[in-house]
Amino acid sequence: MGAIKDKFKAKSDVVGAEIKAMLKEHGDKKIGEVTLSQIYQGMRGITGLVSETSLLDAQEGIRFRGHTIPELQEKLPKAPGGTEPLPEGLFYLMLMGEMPTDEDVAELSSLLQRRSHVPKHVLDSIEATPLSTHPMTQFVIAIMALQTESSFAKRYAEGMSKKDYWEAVFDDSLDLIARLPRIAAYIYRRKYKFGRHIEPNGLLDWAGNFSHMMGYDNEDFKELMRLYMTIHADHEGGNVSAHTTHLVGSALSDPYLAFAAGMNGLAGPLHGLANQEVIKWIFGMTDELGTQTPSKTQIEEYVKKTLSEGKVVPGYGHAVLRKTDPRFTAQMEFGKKHLPDDPLVNTVWNIYEAVPPILQSLGKIKNPWPNVDAHSGALLVHYGMVEYEFYTVLFGVSRALGVLSSLCWDRALGFPLERPKSVTTELVKSWLEGKDEIWGD
Ligand code: AMX
């Protein structure tokens, strides 16, 4: 661990010094203004956070340290014989800000393997939940049980100096990333495969081993997992899971506490749970219509029915994006390459044609295009993973790569407790009448 940790420390010291100098010279520079609508409507468009690992452009989509998804597919190291990127390579890129070599990724993969042991009490905590418990709830319970292993919590209790916070967060983050696949696979096999667990294969990469432990040894599925774990990892800092992890971490809650909080946010249907909702919605449609291959007209009618019942069309829309999500496109490309004739995947593509004009015609939806969740489930179903309640756990394992590399940066740069100002509507009304001021805390 020494070399990668030392390299991160050296990099973050340089950035920390740059930020210090920048703030000394430009700290009072205004970055924008905040409107009343924004504070009442989910803070859309308020620039209020720094997140080093990725940046989202409304038109272009996500870039990880400046690289688009196709660029990651081209440049990141691959598994032997594979064509999709290794997600631990993306973790390295987000952490270090530089493209890893094959050797860097091999070293990181084996480091994660060595740190992947999950203590028995964590598995026991999963076993203590009723089998019917949602997999995301089991996931969060297991992460919380694993908190006993937090190096940050132990060292803080022993009086660790501020200057060492980054190191304890770094250790915890790597341990968590190493252990999450085992936890997630355990939940999957317990809930859906009669508790017939599969031992890890120490020769495989992080995502390949995850597939293996879930019971999917098909090479194409492993490639799908590598792509899946790469594209779901990060979406800049303001989304619910990333922002929550960052916020809770700012209280110096250790990475286990902070990440579990982020995962509770990911479990919401407007965020990560949308991936299960999409497949549930499609299965609902095909069941109701009595066909696996609904026509475009039938899909349009079903979309209108969903909207008339006051529900959202899952997998469509986004708080920041204003075009088709490149994460959707990457999965579509995977589908065209590996399973072009799959009926469910074809239905997803037909939905892609049918939905945007209908959403657009409503006149209120800012982005009628599909997001990442519109596609992922159909690919999983193709390979036999039909248990859609589990899908958000897959998202969560991947999201750890982004939010935990960000958390390392938060502590390395010494970011303080996050504490924005709030107001009451009473104060806003009296401010609008000129009777009061809206002041800082
Ligand atoms: N279906 C129906 N209505 C939608 C819609 C959709 N897919 N997307 C947005 N709308 C509605 C909103 O509910 C809102 O209605 P209201 O004015 O009656 O309250 C209106 O259109 C305006 O919303 P917006 O400004 O375009 O979107 P937003 O930033 O408020 O919300 C999001 C973004 C993602 C929550 C929303 O598009 C949505 O609910 N989509 C479906 C759920 C989904 O796919 N979530 C996953 C997002 C990606 C992720 O985090 N994994």
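For the structure given in this document, a descriptive report is provided here.

## With respect to helix H18 (residues 373-382)
Consideration 1: Across the ten residues that make up H18, a large majority, nine, are buried.
Consideration 2: Of the residues making up H18, those classed as buried are Asp373, Ala374, His375, Ser376, Gly377, Ala378, Leu379, Leu380 and Val381.
Consideration 3: In this fold, the buried residues of H18 make contact with helix H11 (219-231), helix H14 (274-289), helix H16 (326-338), helix H17 (343-362) and helix H19 (391-412).
Consideration 4: After H18 finishes, the residue Gly384 shows a positive phi value of roughly 105 degrees.

## What about the pattern of salt bridges?
Consideration 1: Applying the stated rule across the entire model yields 25 salt bridges.
Consideration 2: Asp164 serves as the salt-bridge partner of Lys163, at 3.8 Å between the closest nitrogen and oxygen.
Consideration 3: A residue is classified by how much of its surface remains accessible, and Lys163, at 61% relative accessible area, is exposed.
Consideration 4: In this structure, Glu219 and Lys222 form a salt bridge, with 3.4 Å as the shortest nitrogen-oxygen distance. A residue pair is termed a helical-turn pair when its members lie 3 or 4 positions apart in one helix, as Glu219 and Lys222 do in helix H11 at three residues.
Consideration 5: On the basis of relative accessibility, which here comes to 5%, the residue Lys222 falls in the buried class.
Consideration 6: Members of the salt-bridge network, linked through shared partners, are Lys5, Arg155, Glu167 and Asp171.

## Here we look at the pairing of strand S1 (residues 54-57)
Consideration 1: Burial of S1 is one-sided: the residues Ser54 and Leu56 facing one way are buried, the residues Leu55 and Asp57 facing the other way are not.
Consideration 2: Bridging between S1 and strand S2 (residues 61-64) involves four bridges; their strand directions are antiparallel. By the bridge assignment, Leu56 is partnered in S2 with Ile62.
Consideration 3: Hairpin remark: S1 followed by S2, antiparallel, with three residues in the connecting loop.

## With respect to empty space enclosed by the protein
Consideration 1: Taken as a whole, this structure holds three cavities of 30 Å³ or more when the rule is applied.
Consideration 2: Its volume calculated, the largest cavity comes out at about 100 Å³.
Consideration 3: Considering the residues around the largest cavity, the lining is formed by 13 residues, among which Ser51, Gly237, Ala242, His246 and Ser406 are closest to the centre.
Consideration 4: Looking at the lining of the largest cavity, the elements that each hand over two or more residues are helix H12 (240-250) and H19.
Consideration 5: With five residues, the top contributor of residues to the lining of the largest cavity is H19.
Consideration 6: Its residues assigned to classes, the lining of the largest cavity shows five nonpolar, six polar and two charged.
Consideration 7: Approximately 50 Å³ is the volume attributed to the second largest cavity.

Conventions we followed
- Residues numbered from 1 in each chain as written.
- Predicted model: local features only at pLDDT ≥ 70, side-chain atom pairs only at ≥ 80, totals over all residues.
- Heavy atoms only, no water.
- Buried < 20%, exposed > 50% of the residue type's maximum accessible area, 1.4 Å probe, protein only.
- Helix = DSSP H or I, 4+ residues; strand = E, 2+ residues; numbered from the N terminus.
- Contact = heavy atoms within 4.5 Å.
- Salt bridge = Lys/Arg side-chain N within 4 Å of Asp/Glu carboxyl O.
- Pairing = 2+ DSSP bridges.
- 1 Å grid on protein atoms, 1.4 Å probe; cavity = no way out; pocket = protein on both sides within 12 Å on 5 of 7 lines; lining within 4 Å.
- Points joined across faces, edges and corners; volume = space filled by probe spheres on them.
- Nonpolar A, V, L, I, M, F, W, Y, C, P; charged D, E, K, R; others polar.

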